[in-house]
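# Close look at the chain arrangement
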Amino acid sequence: MTHRSLWLALAGMLVVGPALADGSFPNDLSAFDQGRLERFDTVRREAIAAARARGKPADVAVLNQVLKGQAAALPAARMAGEWRCRILKLGGTPPLVVYADFKCRITDDTEGLRLEKITGSQRTSGLFYDIEGRRLGYAGAEAWGNERPLQYGQDMQRDQVGYLVPLSADRMRLELPLPMRESRFDILELRR
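Since this is a predicted model, take the numbers as computed values, not measurements.

## Observations regarding the overall build of the protein
Of the regular secondary structure elements, the protein holds five helices and nine strands. Counting from the amino terminus, helix and strand elements in the protein follow one another as α-α-α-α-α-β-β-β-β-β-β-β-β-β. When the 192 residues of the protein are sorted by exposure, 44% land in the buried category. Taking contacts inside the protein between residues at least 6 apart in sequence as the whole, the part at least 24 apart equals 52%. Counting every atom, the protein has about 10400 Å² of accessible surface; 53% of that belongs to carbon and sulfur.

As structure tokens, then:
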């Protein structure tokens, strides 16, 4: 093996490695947000039940489709790129709202793998964390209107926490428990 091919092989190994944020998730989160994650399973189950029981049939069909699939191991590099994304708001009034598609982007920057919802009036932006297993932790914040993107911890009322569930290279869901307004549970569906 020549020096050049050895260097290229080593460089390739560096690029393929996980590109997730450093830090201890959820220990680096606020106590409030740790509490949201502790109630994740209960809130998710209740919000889905309420949405299925009282949502419009067409919206319930969309929800059921979004919830299909099991978490899959997916390298961080396969998550990067442009995505269509839509929000489903569950457990509020009305009990289920399905929004149209917007644009999202996942990039690998110096902090790690970052999500940005780049269109729409409510735009989340945050980082993914390796938490062992097939899900990734998420800590981000929601900007409104034409505001600049916020980072987690800048404004407690805008902070978001949850889990990314990779389903395939073309489909994922970001599940966000107990948002500060409009619903009890949000799902950001990402599709290519």
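## A closer look at the packing of aromatic side chains
One pass over the structure, following the stated rule, counts five aromatic pairs. With a centroid separation of 5.0 Å and an interplanar angle of 85°, the aromatic rings of Phe-40 and Tyr-163 are classed as edge-to-face. Residue Phe-40 is found in helix H3 (residues 40-54), and its partner Tyr-163 is found in strand S7 (residues 159-168); the two are separated by 123 residues along the sequence. Summarising the burial analysis for this pair, Phe-40 and Tyr-163 share the class buried. With a centroid separation of 5.4 Å and an interplanar angle of 50°, the aromatic rings of Phe-128 and Tyr-138 are classed as tilted. In this pair, Phe-128 sits in strand S5 (residues 122-130) while Tyr-138 sits in strand S6 (residues 136-144), placing the two residues ten residues apart along the sequence. Judged by relative accessible area, Phe-128 falls into the buried class, the value being 0%.

## Some remarks on the state of the cysteines
Overall, the coordinates contain one disulfide when judged by the stated rule. For Cys-85, the disulfide goes to Cys-104, at an S-S distance of 2.1 Å. Residues Cys-85 and Cys-104 share a disulfide whose torsion about the S-S bond is about 85°; that sign makes it right-handed. In this pair, Cys-85 is assigned in strand S1 (residues 81-90) and Cys-104 in strand S3 (residues 102-109), connecting sequence segments 19 residues apart.

## Here we look at unusual backbone geometry
Following Thr-93, the chain continues into Pro-94 via a peptide bond in cis, with omega recorded as 0°. Looking at where Pro-94 falls in the secondary structure, it is placed in the loop between S1 and strand S2 (96-98). Notably, Leu-178 is not glycine yet its phi reads approximately 50°, a positive angle. Summarising the element assignment, Leu-178 is placed in the loop between strand S8 (171-177) and strand S9 (185-191). One non-glycine residue, Glu-182, adopts positive backbone phi at about 75°. For Glu-182, the location among the structural elements is in the loop between S8 and S9.

Calculation criteria
- Residues numbered from 1 in each chain as written.
- Predicted model: local features only at pLDDT ≥ 70, side-chain atom pairs only at ≥ 80, totals over all residues.
- Heavy atoms only, no water.
- Helix = DSSP H or I, 4+ residues; strand = E, 2+ residues; numbered from the N terminus.
- Buried < 20%, exposed > 50% of the residue type's maximum accessible area, 1.4 Å probe, protein only.
- Contact = heavy atoms within 4.5 Å.
- Areas by Shrake-Rupley, 256 points an atom, 1.4 Å probe, with all protein chains shown as cover.
- Phe/Tyr/Trp six-rings, centres within 6.5 Å; stacked < 30°, edge-to-face > 60°.
- Disulfide = S-S within 2.5 Å.

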